[in-house]
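Read off the chains here:
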Amino acid sequence: MTGFVTAGDRELVDHVASVPLVDHHVHGAFAAGLSRADFEQSLNEASPDPIPDWMTQFDSQLGFAIRRWCAPRLGLPAHAPADEYWARRSELGDEQVTAIFLGGAGVSDWLVDTGLRPATILGPAEMSAASGGRGHTIVRLEGLAEQLATDGIAGRDYADVFRARLAEAARGAVGVKTIIAYRSGFGIDLSRPGEAAVREAAGRWIDCAGPAEPRLEDQVLLRFGLHAAVDLGLPIQVHTGFGDRDLDLRQVDPLLLLDFLRTPQVAAVPVMLLHCYPYHRKAGYLAQAFHNVYFDVGLGVNFLGARSLDLIAESFELAPFAKQLYSSDAFGPPELHYLGSVLWRRAIATTLGGWVDAGDWSAADACRVAAMVARDNARRVYRLP
Ligand SMILES: [Zn+2]
């Protein structure tokens, strides 16, 4: 993976180009059968609607970055027009395109959130087979709760069954994830609810939930799931910031987690703030303020394209370097799994390289910090082999 930066310290550029990444928050690539309409819709995170016919989502920072960095991997010139890109992609076929991009990302470990549309996307084992990297599972708490509702678990048994199933699921996982951001936001009381309140809320929810797709929005049960995960002790990934408009972006500022983070039991568990954009500077503050708080700027990196240089530079402000992790947060098109890696490597080489050139950092320190964020921090926190 070369050519992503033209100048700078040679030792650092070579190191950043080749260091294996742990992608600590990612979703599967599409299994197959991707239409251009679905592809373009996947380049818009915030809206679930089809792209209007008077525009193309290729005309965005993400679309330009795909034409710049992904086109050459398919044998096209950089900046190849969108129609040529799509024609070449179709000619190669989904399977080959997936192998090219997943294999090209230089990722040694994928920590896969299996909670979102698992039928149409690759699971951890399939991601591993397509890329050569290892796949690991992250358990989504709200998905586990919704399975209990689907199974019609009685309200009086809910807490015990949830804890047992969470412990069971955790045996094959390296962490858990909450999407409480999507269900209530952080502007609620996030303290641990009492057992009687959980019994009552579960009875109410499961009695009322439709059997097909129960959606957990009850605040008591959301809080219960979160604290059950705290008791478990595995790293807890928390969606914060940028996401689709199903969430209220005003309610997912990580600073709203302050009371939760001040809870003594929570301080014993790694809390992994995901995405964070546009609140990444606040996440950096929390990572300095709490020893158990970590963060990434995944998702934003891909969507900001050429502007991701500044996003990554800003992520290197307050947060100690031991508290930052790499993530692509790719979902769907395997271009996103590849692009996250390319843009991150480019920004790290450029940003840290600039500090080396200015005499602020040594090249050896820059290489060491790049490896911490690329893989070492994630290996330590998730206890990866
Ligand atoms: Zn995600």
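Structure's up top.
Note that the structure is a prediction, hence the values are computed from the model and not measured.

Colleague: Account for the packing of helix α4 (residues 82-92) against helix α5 (residues 94-104), naming residues and giving values.
Modeller: Axis separation between α4 and α5 bottoms out at 6 Å; the angle between their running directions is 105 degrees. The orientation of α4 relative to α5 falls into the category roughly perpendicular. Only D94, Q96, V97, I100 and F101 of α5 make contact with α4, whose side of the interface consists of Y85, R89 and L92.

Colleague: Provide a residue-level description of the pairing of strand β1 (residues 21-26), including the pertinent values.
Modeller: Of all six residues making up β1, six are buried, and the element is well covered by its neighbours. The sheet contact formed by β1 and strand β2 (residues 107-113) spans four bridges and is parallel. When the bridges of β2 are listed, D23 appears paired with W110.

Colleague: Describe unusual backbone geometry, listing the residues and the values that go with them.
Modeller: Put simply, Y277 and P278 share a cis peptide bond, and its omega is 0 degrees. For P278, the location among the structural elements is in the loop between β6 (271-275) and α13 (280-289). Of note in the backbone geometry, H79 takes a positive phi value of approximately 70 degrees without being a glycine. Looking at the element boundaries, H79 is found in the loop between α3 (61-70) and α4. A positive phi angle, close to 50 degrees, is found at D329, a residue other than glycine. Mapped onto the secondary structure, D329 falls in the loop between α15 (308-315) and α16 (334-357). With a relative accessible area of 7%, D329 lands in the buried category.

What counts and what doesn't
Residues numbered from 1 in each chain as written. Predicted model: local features only at pLDDT ≥ 70, side-chain atom pairs only at ≥ 80, totals over all residues. Heavy atoms only, no water. Axes fitted to C-alpha atoms, helices over the stretch in contact; angles between N-to-C directions. Helix = DSSP H or I, 4+ residues; strand = E, 2+ residues; numbered from the N terminus. Parallel < 35°, antiparallel > 145°, perpendicular 65-115°, else oblique. Contact = heavy atoms within 4.5 Å. Buried < 20%, exposed > 50% of the residue type's maximum accessible area, 1.4 Å probe, protein only. Pairing = 2+ DSSP bridges.

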